[in-house]
Amino acid sequence: MIVNAKGEILYIHGQTGKYLEPAPGRPNWNIFDMVRKGVQFELRSGVHYALTRMKERQYRRLQVKTNHDYQPVNLTVKPFTPTKDTKDLVMVTFEEVADREKRKPEPKEGKSQRERDERLKEAEREL
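Draft legend 1. Seen up close, the packing of aromatic side chains. For the coordinates displayed, the defined rule picks out 1 aromatic pair. Cation over ring: Arg57 sits above Tyr49, and NZ or CZ is 4.4 Å from the ring centre. Between the NZ or CZ atom of Lys65 and the centre of the ring of Tyr70, over which it lies, the distance is 5.4 Å.

Draft legend 2. Quick peek at the pairing of strand β5 (residues 89-96). One ladder, built from 3 bridges, connects strand β1 (residues 2-4) with β5; its direction is antiparallel. Opposite Val3, over in β5, you have Val90 as the bridge partner. Bridge count between strand β4 (residues 70-79) and β5: 7 bridges; the pairing is antiparallel. The partner of Lys78 across the bridge, within β5, is Met91.

Draft legend 3. Layout of the side chain of Gln71. Secondary-structure assignment places Gln71 in strand β4. Within polar-contact distance, the side chain of Gln71 engages the backbone oxygen of Val97 at 3.3 Å.

Draft legend 4. Focus on the nonpolar core. With 23 residues, the main nonpolar core has Met1, Ile31, Leu43, Leu75, Val90, Val92 and Phe94 as its most contacted residues. Among the secondary structure elements, those contributing two or more residues to this core are α1 (31-34), α2 (40-53), β3 (57-65), β4 and β5. Top contributing element to this core by residue count: α2, with 4 residues. Those residues in contact with Val90 that sit more than four places away from it in its chain are Met1, Ile2, Val3, Val47, Ala50, Leu51, Val77, Lys78, Pro79 and Phe80.

Draft legend 5. Looking closely at the pairing of β3. By the bridge criterion, 7 bridges tie β3 to β4 in an arrangement that is antiparallel. Bridged to Val64 within β4 is Gln71.

Draft legend 6. Highlighting the pattern of salt bridges. One pass over the full model with this rule turns up 3 salt bridges. Between Glu96 and Lys18 there is a salt bridge whose closest N-O contact spans 2.7 Å. Remark: Lys18 occurs in the loop between β2 (9-11) and α1 and Glu96 occurs in strand β5; sequence separation between them is 78 residues. Residue Lys18 is classed as partly exposed on the basis of its relative accessible area, which comes to 38%.

Draft legend 7. Fine view of α2. Between its first and last C-alpha, α2 extends 20 Å over 14 residues, near the 20 Å set by a 1.5 Å rise per residue. Within α2, burial applies to Phe41, Glu42, Leu43, Arg44, Gly46, Val47, Tyr49, Ala50 and Leu51. Two residues or fewer after α2 comes Met54, characterised by a positive phi angle close to 55 degrees.

Draft legend 8. Spotlight on the sheet that holds β3. Strand order in the open sheet formed by 5 strands is β2-β1-β5-β4-β3, and the pairing between neighbours is antiparallel. Each having just a single partner strand, β2 and β3 make up the two edges of the open sheet. Averaged over all pairs of adjacent strands, the angle between strand axes in this sheet comes to 35 degrees, irrespective of strand direction. Bridge count between β1 and β2: 2 bridges; the pairing is antiparallel.

Here is what the cut-offs are and how they apply
- Residues numbered from 1 in each chain as written.
- Predicted model: local features only at pLDDT ≥ 70, side-chain atom pairs only at ≥ 80, totals over all residues.
- Heavy atoms only, no water.
- Phe/Tyr/Trp six-rings, centres within 6.5 Å; stacked < 30°, edge-to-face > 60°.
- Lys NZ or Arg CZ within 6 Å of the ring centre and 35° of its normal.
- Pairing = 2+ DSSP bridges.
- Helix = DSSP H or I, 4+ residues; strand = E, 2+ residues; numbered from the N terminus.
- Polar contact = N/O pair within 3.5 Å; in protein donor to acceptor, adjacent residues only side chain to side chain.
- Core = buried A, V, L, I, M, F, W, Y, C linked by side-chain atoms within 4.5 Å.
- Buried < 20%, exposed > 50% of the residue type's maximum accessible area, 1.4 Å probe, protein only.
- Contact = heavy atoms within 4.5 Å.
- Salt bridge = Lys/Arg side-chain N within 4 Å of Asp/Glu carboxyl O.
- Expected span 1.5 Å × (residues − 1).
- Axes fitted to C-alpha atoms, helices over the stretch in contact; angles between N-to-C directions.

Read these as geometric descriptors, not functional statements.
In structure tokens:
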């Protein structure tokens, strides 16, 4: 997908249903609103990193919540070389990881989940 700094999806290629779902309410094409649980923080962080440092950011084996299970996925966020037409655009790629034995992620302790939520809120304020 090609998205801008605000998360607005400008172009989609391939199947994205495993990673995105329509957000409740008024329809919108914002990737931050549509992305499934398990990659929300990394996606926001990756877009911010790619645009501020103009470097690619990769995350390996993230656990995306699907309808009935978790799916391991690699996430890559790559900035476009800035030109008049591509300023503040990134390419977001989800790559399904073949996993012979699908495993649910280890249960998280309350404190680490709370810390993760706080980091996500902090990143959103920064953006």
